[in-house]
Amino acid sequence: MIVCVCKSVSDRTIRASIAEGMDSFDELQFELGVATCCGKCEESVREVMAQSGACATHCGVSHARPAAMPQAVPLTFYERKAA
Ligand code: FES
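Residues numbered from 1 in each chain as written. Predicted model: local features only at pLDDT ≥ 70, side-chain atom pairs only at ≥ 80, totals over all residues.

A.B. asks: I'd like to hear about the nonpolar core, residue by residue, with values.
C.D. replies: Counting residues in hydrophobic clusters, the biggest one holds 16 residues, and the most contacted among them are Val3, Cys4, Ile14, Leu28, Val34 and Val45. Among the elements of the structure, strand E1 (2–4), helix H2 (25–32) and helix H3 (42–51) are those that each provide at least two residues to this core. When residues no more than four places from it in sequence are discounted, the contact partners of Val45 are Val3, Cys4, Ile14, Phe25, Leu28, Val34 and Ala35. (Core = buried A, V, L, I, M, F, W, Y, C linked by C-beta atoms within 7 Å. Buried ≥ 20, exposed ≤ 12 C-beta atoms within 10 Å, placed from the backbone. Helix = DSSP H or I, 4+ residues; strand = E, 2+ residues; numbered from the N terminus. Contact = placed C-beta atoms within 7 Å.)

A.B. asks: An account of unusual backbone geometry is needed here, citing residue identities and associated values.
C.D. replies: Unusually for a residue other than glycine, Ser8 sits at a positive phi of about 50°. Structurally, the position occupied by Ser8 is in the loop between E1 and strand E2 (9–10). One non-glycine residue with positive phi stands out, namely Ala35, at about 60°. If you trace the backbone, Ala35 turns up in the loop between H2 and H3.

A.B. asks: Explain H3 to me, using residue names and the numbers behind them.
C.D. replies: For H3, the full list of buried residues reads Val45, Val48 and Met49. Buried residues along H3 cover an arc of 100° about the axis, so they all sit on one side. For H3, the elements touching its buried residues are E1, helix H1 (11–19) and H2. Note on H3: the residue one or two positions beyond its end, Gly53, has a positive phi of about 85°. (Arc of directions from axis to C-beta.)

Encoded structure:
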């Protein structure tokens, strides 16, 4: 299903990108161009992220982590690629 009509990005593409390590809305927006034109797809992109277990906020932190564990500062997709 097409999520972003302006950039012709499907939920499959978003899920594949998340599986490759993009776990923030900003990364998906930068790499795929979602929500960079009319912006009407932002909520749908965030829903796909939530369904895929990625953080739908801008923080990039997985919310599946128990609250008692210390919160590490997450690396961005690009930092992980560079490492
Ligand atoms: S539908 Fe995604 S930017 Fe317009």
